[in-house]
Amino acid sequence: WDLNERAVAVDPMRPIVQQRRALKHWILGRPIEADRVIVRAFELWPTHPLVWTSRLLVHAFSGQVQAARNLIDHHSAAPAMLRPEGVTAWRIFLQALESRSPIDNDAARTAGLEAAGKSSQLSVHAIMVLSELGELDAAFSIVDGLVTRRGPNLSEFRSEEGQSPAQDP
């Protein structure tokens, strides 16, 4: 927090420091502040991938499921943010985060495990969602594939994702 706040003071118009600021508010249990920062960052940089993704995460995990759905539904304004398989997975994830029903949790677990093989970014998102839903065995299965490169849930690191595994979120 302190280092990022120093970076904000030096250059407040950098999207990365604002995106990190929003996530740090969220991590520290300050969802209202997180929302305020990420909404403002999104106004300034609506097509920045980390700003867009951070807005999705803050909304999804702060009880603002409809706001997250709206972002997904209007992702065509920034198509590089989420591929079709990501849109499909996130719609299932959001339904489970909203309802918390066993049927929706099962669907989210299935979608998360399927997503793990398609994209390292979707793997990270699936880990977060499944952990929130209490689906810890499935989440750790994805972690195992992502981090140790073992198990049935290996993520493919594709060049079109624009990053190496070392740079993955």
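If you're wondering where the values come from, they're calculated on a predicted model, not measured in any experiment.

A.B. asks: Hey, could you run me through the overall build of the protein chain in this one?
C.D. replies: Regarding its fold elements, the protein chain presents 9 helices and 0 strands. Secondary structure elements of the protein chain, listed N to C terminal, follow the sequence α-α-α-α-α-α-α-α-α. For the protein chain, buried positions account for 43% of its 169 residues. Across the protein chain, contacts joining residues at least 24 apart in sequence account for 52% of those joining residues at least 6 apart. Split by element, the accessible area of the protein chain, about 8900 Å² in all, is 55% carbon and sulfur.

A.B. asks: Is there a simple way to think about the side chain of Q19 in this case?
C.D. replies: Relative to the elements of secondary structure, Q19 occurs in helix α2 (residues 15–27). Residue class for Q19 comes out buried when judged on its relative accessible area of 7%. For Q19, the residues in contact, after removing those within four places along its chain, are I38, L50, V51 and S54.

A.B. asks: I keep staring at a nonpolar patch on the surface and nothing clicks. Help me out?
C.D. replies: On the surface, W1, I27 and L28 cluster together into a nonpolar patch covering about 320 Å² of accessible area. Turning to its location among the elements, W1 is positioned in the segment before α1 (2–10). Residue W1 is classed as partly exposed on the basis of its relative accessible area, which comes to 34%.

A.B. asks: Just checking my understanding: could you explain the packing of aromatic side chains for this structure?
C.D. replies: Aromatic ring pairs are defined here through the distance separating the ring centres and the angle between the ring planes. Throughout the structure, instances matching the rule amount to 2 aromatic pairs. Judged by centre distance (5.5 Å) and plane angle (80°), the ring pair of W90 and F93 falls under edge-to-face. Highlighted residues: W90 and F93, both in helix α6 (residues 84–99), separated by 3 residues, approximately one helical turn. You can call F93 buried: its relative accessible area is 0%.

A.B. asks: Would you mind going over the nonpolar core with me for this structure?
C.D. replies: As a rule of thumb, soluble globular proteins bury nonpolar side chains together. The biggest cluster of nonpolar side chains holds 43 residues, and the ones touching the most others in it are W52, I72, W90, F93 and L94. Secondary-structure elements contributing two or more residues to this core are α2, α3 (31–44), α4 (49–61), α5 (65–73), α6, α7 (102–116), α8 (120–132) and α9 (136–148). Filtering out sequence-adjacent residues up to four positions away, W90 remains in contact with L56, L57, A60, F61, I72, L82, L122, H125 and V129.

A.B. asks: Looking at this structure, I do not really get unusual backbone geometry. What am I missing?
C.D. replies: The general pattern is negative phi for most residues beyond glycine and trans for most peptide bonds. Of note in the backbone geometry, R100 takes a positive phi value of approximately 60° without being a glycine. Among the secondary structure elements, R100 is positioned in the loop between α6 and α7.

A.B. asks: Please explain the pattern of salt bridges as it appears in this structure.
C.D. replies: Pairs can form between side chains of opposite charge whenever their charged atoms are close. All told, the structure shown has 7 salt bridges when counted by the stated rule. The salt bridge involving D73 is made with R91; its shortest N-O contact spans 2.9 Å. Linking D73 in helix α5 with R91 in helix α6, this pair joins segments that are 18 residues apart in sequence. In this structure D73 comes out as partly exposed when scored by relative accessible area, which is 40%. A relative accessible area of 44% means that R91 is categorised as partly exposed. Of the charged contacts in the structure, one is a salt bridge between R100 and E132, with a shortest N-O distance of 3.0 Å. Of this pair, R100 sits in the loop between α6 and α7 while E132 sits in helix α8; the two residues are 32 residues apart in sequence, bridging distant segments of the chain. We classify E132 as partly exposed; its relative accessible area is 38%. Taken together, the shared-partner salt bridges in this structure form one network comprising D106, R109 and E135.

What counts and what doesn't
- Residues numbered from 1 in each chain as written.
- Predicted model: local features only at pLDDT ≥ 70, side-chain atom pairs only at ≥ 80, totals over all residues.
- Heavy atoms only, no water.
- Helix = DSSP H or I, 4+ residues; strand = E, 2+ residues; numbered from the N terminus.
- Buried < 20%, exposed > 50% of the residue type's maximum accessible area, 1.4 Å probe, protein only.
- Contact = heavy atoms within 4.5 Å.
- Areas by Shrake-Rupley, 256 points an atom, 1.4 Å probe, with all protein chains shown as cover.
- Patch = residues over 30% accessible without salt bridge, like charges linked within 9 Å, V, L, I, M, F, W, Y side chains within 5 Å.
- Salt bridge = Lys/Arg side-chain N within 4 Å of Asp/Glu carboxyl O.
- Phe/Tyr/Trp six-rings, centres within 6.5 Å; stacked < 30°, edge-to-face > 60°.
- Core = buried A, V, L, I, M, F, W, Y, C linked by side-chain atoms within 4.5 Å.

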